[in-house]
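Listed below are the residues making up each chain.
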Amino acid sequence: MEQVIARIREARQQHQDQMLELLRIPSISSDPARKRDMEAAARWVLNKMQAVGIRSEIVTTPGHDIVYGEVPGPAGAPTILVYGHYDVQPVDPLDLWDTPPFEPVIRDGAVYARGSSDDKGQLLVHLLAAEAVLALHGELPVTLKFCIEGEEEVGSPSLTPFVADNRDKLACDAVVISDGSFFARGVPSLVYGLRGLAYVEVLVRGPNRDLHSGSFGGAVTNPADALAGLIAALHDGDRRVTIPGFYDRVREASAVEREGFASLPRDDQGYMEELEVDGLQGEAGFTTLERLWIRPTLEVNGLWGGFQGEGAKTVLPAEAGAKLSMRLVPDQDPDEVADALEKHLAALAPPGVELEFIRHHGGRPFLAEPGSPYVEAGARALEMAFGKKPVLTREGGSIPVVETFRAELGAPTVLMGLGLPDDAPHSPNEKMDLDQFHRGVEAAAHFLYLARKAGA
Ligand code: BES
Ligand code: MN
Ligand code: MN
């Protein structure tokens, strides 16, 4: 093991260079104009796998490619499946980036680029760990499979059926994923729950054209006004979502679990300072961590309608729209919740406007069954690499395929995120700390050996 770690440390510069290479490919999965770049990123991952000595292939799908790879381990050793995603989020608003999103630069010990933390830097860690072990020993302690997709940021529409159709190919004793963050700098965490997602776009259409707001205002339903009213009606004074049935399937967290959250080192004051806000808002009766981890929410992600140019144009817009997301917890169902939202909005809409809904991608919430020895192995691996025992946490974000892995493969998932809470994934100036990255490679190597013992 010392040799493996020494080799990983010697290769830091090469590791970093490779991360930068992958980060230069603008693989934005939601942008059809980036199809070529998506293919280039998949090919980059494939080439890297082949250089490492992983038997690998590109699996084409109706959407973006999946890169699949396999290294057979010793007879009787457990099988570990590594999952990650090479696609990234869009970069807008571009003017808020200090340096261009696909021209990675190193500042203050971190790499700044879109995808650095989410998820290119983190997925690479597992390839580099396998590379070090294979280079030294010619064999891994486990059978290792890789499933790296290009559609995570758009809800994994192709991977979900791929998993269901390839249960034998993907069969494993545990899945390991690095696509998240530590609880805090210096505090590694293992995540045992993820929220799900339902995403609905609503368009509000009124009169057949934009109207003079003096000549028509007050007599004709204003779609922007109607939309604002609809959105406001979706929460009550306690910030509970008013959609009938919204909370019906919510599994309440136990007192023990909530006490566990309360014992975590959490500082709302520091959170507010970091975000430069003078207050927080959320469902009454819950702490910040509970609001993020065990409660479902509804949020506006985008909102438009009417005059956006400079100055004041007196106009009553003919249409307005919003993009609404709902974060879900077990056992809420994304389709059911989206149906309920649409029904509720349709019932609330004033006369004189019509609503149109566009259903976007979603994902199911995930909650691990406790007690997996592989999760224990993940905890030990993080502790060995970072010198600190991880805390057990849930997450507010979503990784849609995790619940699919649980349901289809019946294997536990070890969620060992290697980012930091201030990495700004999805935001301008996303970064990955180099120390997290390099130690992450060590953690991934430790995990291979500890997983072997966990399977014994
Ligand atoms: N890596 C994130 C999910 C995540 C965020 C995990 C924070 C842990 C901490 C993932 O890439 C992501 O952004 N998922 C989307 C899913 C959606 C597009 C279906 C999300 O949560 O918005
Ligand atoms: Mn991610
Ligand atoms: Mn993401």
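Preceding block: the structure.
The sections below set out a description of the structure shown in this document. For every chain, the first residue of the written sequence is number 1, and numbering continues from 1 along that sequence. Labels follow written order: the first chain is A, the first ligand is 1, and so on. It should be noted that, the model being predicted, local features are given only for residues of pLDDT at least 70 and side-chain atom pairs only at 80 or more, the latter also being counted only at that level, while totals for whole chains, interfaces and linings use all residues. Water and hydrogen atoms were dropped before computing side-chain values, which therefore reflect all heavy atoms in the structure.

Overview of the packing of aromatic side chains
Note the cut-off: Pairing of aromatic side chains here covers Phe, Tyr and the six-membered ring of Trp, requires ring centres within 6.5 Å, and sorts the geometry by plane angle: under 30 degrees stacked, over 60 edge-to-face, intermediate tilted. Helix and strand labels come from DSSP, where a helix needs a run of H or I of at least four residues and a strand needs a run of E of at least two; each type is numbered from the N terminus. Each residue gets one of three labels from its accessible area relative to the maximum for its type: buried under 20%, exposed over 50%, partly exposed in between, using a 1.4 Å probe on protein chains only. Sitting over a ring, as applied to charges here, requires NZ of Lys or CZ of Arg to be within 6 Å of the ring centre and within 35 degrees of the ring normal.
Inspection of every chain in the model, using the stated rule, returns five aromatic pairs. Judged by centre distance (6.1 Å) and plane angle (65 degrees), the ring pair of F183 and W293 falls under edge-to-face. Remark: W293 occurs in helix α10 (residues 288–293) and F183 occurs in the loop between β7 (174–177) and β8 (189–194); sequence separation between them is 110 residues. When the centroid spacing of 5.0 Å and the interplanar angle of 85 degrees are considered together, the rings of F261 and W293 count as edge-to-face. Of the two residues, F261 is situated in helix α8 (residues 255–262) and W293 in helix α10; the sequence distance between them amounts to 32 residues. In this structure, F261 and W293 share a single accessibility class: buried. Ring-pair connections join several aromatic residues into one group, and the members of that group are F183, F261 and W293. When the ring centre of Y112 is taken as origin, the NZ or CZ atom of R107, which lies over that ring, is 4.1 Å away. The ring of Y68 has K169 sitting right over it, with the charged end atom 4.6 Å from the ring centre.

Observations regarding the site of ligand 1
Heads up, the rule is: By convention in these notes, a residue is near a molecule or strand provided one of its non-hydrogen atoms lies within 4 Å of it. We define a polar contact as two N or O atoms separated by no more than 3.5 Å, with the added condition that, inside protein, one atom must be a possible hydrogen donor and the other a possible acceptor, whereas residues neighbouring each other in sequence contribute only through side-chain atom pairs. In this description, accessible areas are obtained by the Shrake-Rupley approach with a 1.4 Å probe, and a residue is regarded as covered only by the protein chains that are shown. Here the term charged refers only to Asp, Glu, Lys and Arg, the term nonpolar to Ala, Val, Leu, Ile, Met, Phe, Trp, Tyr, Cys and Pro, and the term polar to all other amino acids, Gly among them. Annotation comment: domain bounds sourced from an automatic or database domain assignment.
Surveying the vicinity of ligand 1 reveals 16 residues, the closest of which are E152, D179, R327, S398 and H426. Contacts to ligand 1 include E152, whose side-chain N or O atom sits 2.7 Å from an oxygen atom. With respect to ligand 1, the side chain of E153 contributes an N or O atom lying 3.1 Å from an oxygen atom. Notes on ligand 1: free accessible area 510 Å², of which the protein chains cover 87%. For the shell around ligand 1, the class distribution of residues is three nonpolar, seven polar and six charged. Split by domain, the residues of the shell around ligand 1 number at least three in each of domain 1 (2–194 + 365–454) and domain 2 (196–250 + 296–363).

Section: the pattern of salt bridges
Oppositely charged side chains may form a pair once their charged atoms are brought near each other. Heads up, the rule is: Salt bridge criterion: a side-chain nitrogen from Lys or Arg within 4 Å of a carboxyl oxygen from Asp or Glu.
With the rule as written, the count across this model stands at 32 salt bridges. Residues E369 and R406 are paired through a salt bridge, measuring 3.5 Å at the closest nitrogen-oxygen approach. Within this pair, whereas E369 is found in the loop between β15 (366–367) and α12 (373–386), its partner R406 is found in helix α13 (residues 401–409), the two being separated by 37 residues in sequence. Look at E369 and you get exposed, because its relative accessible area is 58%. Overlapping salt bridges bring together R185, D422, D423, K431 and D433 as one network.

Considering the coordination of the manganese ion (ligand 2)
Where we set the bar: Coordination here is defined by N, O and S atoms within 2.8 Å of the metal (3.2 Å for Na, K and Ca), and since water is not considered, a site can look incomplete.
Surrounding the manganese ion (ligand 2) are the protein donor atoms H85 (NE2), D118 (OD), D179 (OD) and D179 (OD), at 2.0 to 2.4 Å. Here the manganese ion (ligand 2) and the manganese ion (ligand 3) are spaced 3.6 Å apart, and both take D118 as a donor. One end of the pair, H85, is in strand β3 (residues 79–85); the other, D179, is in the loop between β7 and β8, with 94 residues separating them in the sequence. Summarising the burial analysis for this pair, H85 and D179 share the class buried.

As for the nonpolar core
Test applied: Grouping buried Ala, Val, Leu, Ile, Met, Phe, Trp, Tyr and Cys residues that are joined through side-chain atoms within 4.5 Å yields what is termed a nonpolar core. By definition in these notes, contact holds between two residues if any of their heavy atoms fall within 4.5 Å.
Within the largest apolar cluster, 64 residues are counted, with the highest numbers of intra-cluster contacts made by I80, Y86, L144, F146 and F447. Filtering out sequence-adjacent residues up to four positions away, F447 remains in contact with I80, V176, Y374, A377, G378, A381, V414 and M416. By size, the runner-up hydrophobic cluster in this structure holds 26 residues, among which are V200, L227, I231 and V241.

Observations regarding unusual backbone geometry
Cis geometry marks the peptide bond from D92 to P93, where omega comes out at 0 degrees. Examined against the element boundaries, P93 turns out to sit in the loop between β3 and β4 (105–107). Cis geometry is found at the peptide bond from P330 to D331, where omega equals 0 degrees. Take D331: it is sitting in the loop between β13 (319–328) and α11 (334–348). The phi angle at A424 is positive, at roughly 60 degrees, despite the residue not being glycine. Counting through the fold element by element, A424 comes out in the loop between β17 (413–415) and β18 (431–433). When its relative accessible area of 21% is taken as the criterion, A424 is described as partly exposed.

Things to note about the sheet that holds β18
The line we're drawing: Pairing between two strands requires that DSSP report at least two bridges joining them. All axes here are fitted lines through C-alpha atoms, helices being fitted over the stretch that makes contact, and every angle between N-to-C directions spans 0 to 180 degrees.
Strand order in this open sheet of three strands is β4-β5-β18, and the pairing throughout is antiparallel. Both outer strands of the open sheet, β4 and β18, are each paired with one neighbouring strand and no more. Averaged over all pairs of adjacent strands, the angle between their axes in this sheet comes to 30 degrees, without regard to strand direction. Two elements, strand β5 (residues 110–112) and β18, share three bridges in a ladder whose sense is antiparallel. In the strand pairing of β18, A110 is matched with D433.

A short note on the side chain of K145
Which entries qualify depends on this criterion: The positive count covers Lys and Arg only, the negative count covers Asp and Glu only, and His and the chain ends enter neither.
With respect to the secondary-structure elements, K145 resides in strand β6 (residues 143–149). Buried and unpaired, K145 has no salt bridge, with E70 as the nearest side chain of opposite charge at 5.0 Å. One polar contact links the side chain of K145 to the main-chain carbonyl oxygen of K169, over a distance of 2.7 Å. Those residues in contact with K145 that lie beyond four places of it in its chain are Y68, G69, E70, T79, I80, L81, V82, D168, K169, L170 and A171.

Let's talk about the coordination of the manganese ion (ligand 3)
The condition that has to hold: The geometry test gives tetrahedral to four donors whose angles all lie between 85 and 135 degrees, gives square planar to four donors and octahedral to six donors whose opposite members are over 155 degrees apart with all other angles between 65 and 115, and gives irregular to the rest.
Distances from the manganese ion (ligand 3) to its protein donors, namely D118 (OD), E153 (OE), E153 (OE) and H426 (NE2), fall within the range 2.1 to 2.6 Å. Note that the manganese ion (ligand 3) binds six donor atoms; their angles at the metal cover 54 to 156 degrees, and the shape is irregular. Along the chain, the residues donating to the manganese ion (ligand 3) fall in the pattern D-x34-E-x272-H. The class of E153 is buried, set by a relative accessible area of 10%.

As for a nonpolar patch on the surface
Stated precisely, the cut-off is as follows: Put simply, a patch holds well-exposed residues, over 30% relative accessible area, that have no salt bridge, with like charges counted together within 9 Å and Val, Leu, Ile, Met, Phe, Trp or Tyr side chains within 5 Å.
A cluster of nonpolar side chains, namely L275, V277 and L280, defines an oily patch on the protein surface of about 230 Å² accessible area. Under the relative-accessibility criterion, V277 is labelled partly exposed at 37%.

Describing the sheet that holds strand β9 (residues 196–205)
Reading across the sheet, the four strands line up as β11-β13-β9-β14 and stay open at both edges, with antiparallel pairing between neighbours. Taken across any chain shown, the strands that pair with only one partner, and hence form the sheet edges, are β11 (297–305) and β14 (354–363). Taken over all neighbouring pairs, the strand axes of this sheet differ in orientation by 15 degrees on average, direction set aside. This element, helix α7 (residues 223–232), spans β9, β11, β13 and β14 of the sheet and lies at about 15 degrees to β13. Strands β9, β11, β13 and β14 of the sheet are contacted by α11, whose axis makes an angle of about 165 degrees with β14.

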